[in-house]
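# Fold and contact review
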Amino acid sequence: MPTASVLARRGLQGLGVAGLLGAGTLAYAGLWEVDSYRLRRVSIPVLPVGARDIRVLHLSDIHMTPSRTKRQRWLTELSGLEPDLVVDTGDNLAHEQAVGFVTRSLGRLLDRPGVYVWGSNDYYAPSFKNPLRYLTQRGKTPNLHPERELPWVDLGEAFSRRGWTDLTHTTTTIEIEGVRLGFRGTDDAHLRRDHYAEVAGPVDRADVDVAIGVTHAPYLRVVDAMTADGLDLVLAGHTHGGQVAVPGYGALVTNCDLDTRRVKGLSQNTAAGHTSWLHVSAGMGTSPYAPVRFACPPEATLLTLTAGPAPTR
Ligand SMILES: [Fe+2]
């Protein structure tokens, strides 16, 4: 029978191993995976029969700071995809000096047609967030500095100068290869700034071939309202894919009221007898105060819109 001193020594050894594993995991998540960028490719059958494919680059949650040089380089490389369109679902900024780093990194992507909405991290500087709070206060008010506004107005002016359209509570139609893509967007639901009623209404198929909703945080009140109006596709970000996932299980949180099964990637949403496609980007960045990702690498998505039957309208 082991003596008390042997048991104590084994306990300390166990704690040491657990500590090393924890430190190793944290080092992997913060030093490697957080900069391990991936391009996901997804096909969505929403175009009219006979239409040519349309390639849409979905960017989200860039959370740019001057020191994130790998993220800047990878973002610049994405221009080589030469998409037909870019959709940016917000949270571009994480630093007062980030605007130039965002626009220079986007580079030639700003020469493509583009639409965007804002996220809470575009408006306000990030602040320290206890990681446990992220798990326990799902979908509640974010930890930001409301008194420290970020230069989102400057970024919006830079986007506008290059021809990108701010979709905040407005609509626009972009025609590509003869297909009319009708967009409508909202402000950030995570800050409860969403006023979908300002752009609500059934899709007028006389004017629009494919109806696309764009919002930062995929709260169900926004996604369901867009689906109920008959939109074909809803694009969102915000969730960071859960950011820290459990291998073999998946995300623990979505940071909103969307279920964890739809935390990232393509899924469907049904409301009021209609079904829409929903694509949630896991995003490229994180808050500078939680610079880790685990089993959830940073990403951008190349959406290929293809001809085919849409879900029920
Ligand atoms: Fe974000």
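A brief look at the structure comes next. (Residues numbered from 1 in each chain as written. Predicted model: local features only at pLDDT ≥ 70, side-chain atom pairs only at ≥ 80, totals over all residues. Heavy atoms only, no water.)

## So, the overall build of the chain
Of the regular secondary structure elements, the chain holds seven helices and 16 strands. In the chain, which comprises 313 residues, the share counted as buried stands at 52%. Pairs at least 24 residues apart make up 76% of the contacts formed inside the chain by residues separated by at least 6 positions. Per element, the accessible surface of the chain, about 13,600 Å² overall, is 56% carbon and sulfur. (Helix = DSSP H or I, 4+ residues; strand = E, 2+ residues; numbered from the N terminus. Buried < 20%, exposed > 50% of the residue type's maximum accessible area, 1.4 Å probe, protein only. Contact = heavy atoms within 4.5 Å. Areas by Shrake-Rupley, 256 points an atom, 1.4 Å probe, with all protein chains shown as cover.)

## Notes on the packing of helix H2 (residues 69-77) against helix H3 (residues 99-106)
Across the interface, H2 lies against H3 with an axial gap of 7 Å and an inter-helix angle of 35°. Facing H2, whose interface residues are Gln72, Leu75 and Thr76, H3 presents Phe101, Arg104, Ser105 and Leu106. Of the residues that constitute the contact of H2 with H3, the class distribution is three nonpolar, three polar and one charged. (Axes fitted to C-alpha atoms, helices over the stretch in contact; angles between N-to-C directions. Nonpolar A, V, L, I, M, F, W, Y, C, P; charged D, E, K, R; others polar.)

## A short note on the coordination of the iron ion
Only Asp61 (OD), His63 (NE2), Asp91 (OD) and His240 (NE2) from the protein reach the iron ion as donors, at distances of 2.0 to 2.3 Å. For the iron ion, the four donor atoms in the first shell make angles of 90 to 169° at the metal, so the coordination geometry reads as irregular. Of note, the donors binding the iron ion are all from one chain and are spaced D-x1-H-x27-D-x148-H. Of this pair, His63 sits in the loop between strand S2 (54-59) and H2 while His240 sits in the loop between strand S11 (233-236) and strand S12 (245-246), placing them 177 residues apart in sequence. Assessed through its relative accessible area of 2%, His63 is described here as buried. Residue classification places His240 among the buried positions, given a relative accessible area of 8%. (Donors = N, O, S within 2.8 Å, 3.2 Å for Na, K, Ca; no water. Tetrahedral: all angles 85-135°; square planar, octahedral: opposite > 155°, others 65-115°.)

## As for the layout of surface pockets
Its volume calculated, the second largest pocket comes out at about 160 Å³. Lining the second largest pocket, in full, are Thr171, Thr172, Thr173, Gly182, Phe183, Arg184, Val203, Asp204, Asp207, Val208 and Ala211. Mapped onto the lining of the second largest pocket, the elements with two or more residues apiece are strand S8 (171-176) and strand S9 (179-185). Considering only residue class, the lining of the second largest pocket consists of four nonpolar, four polar and three charged. (1 Å grid on protein atoms, 1.4 Å probe; cavity = no way out; pocket = protein on both sides within 12 Å on 5 of 7 lines; lining within 4 Å. Points joined across faces, edges and corners; volume = space filled by probe spheres on them.)

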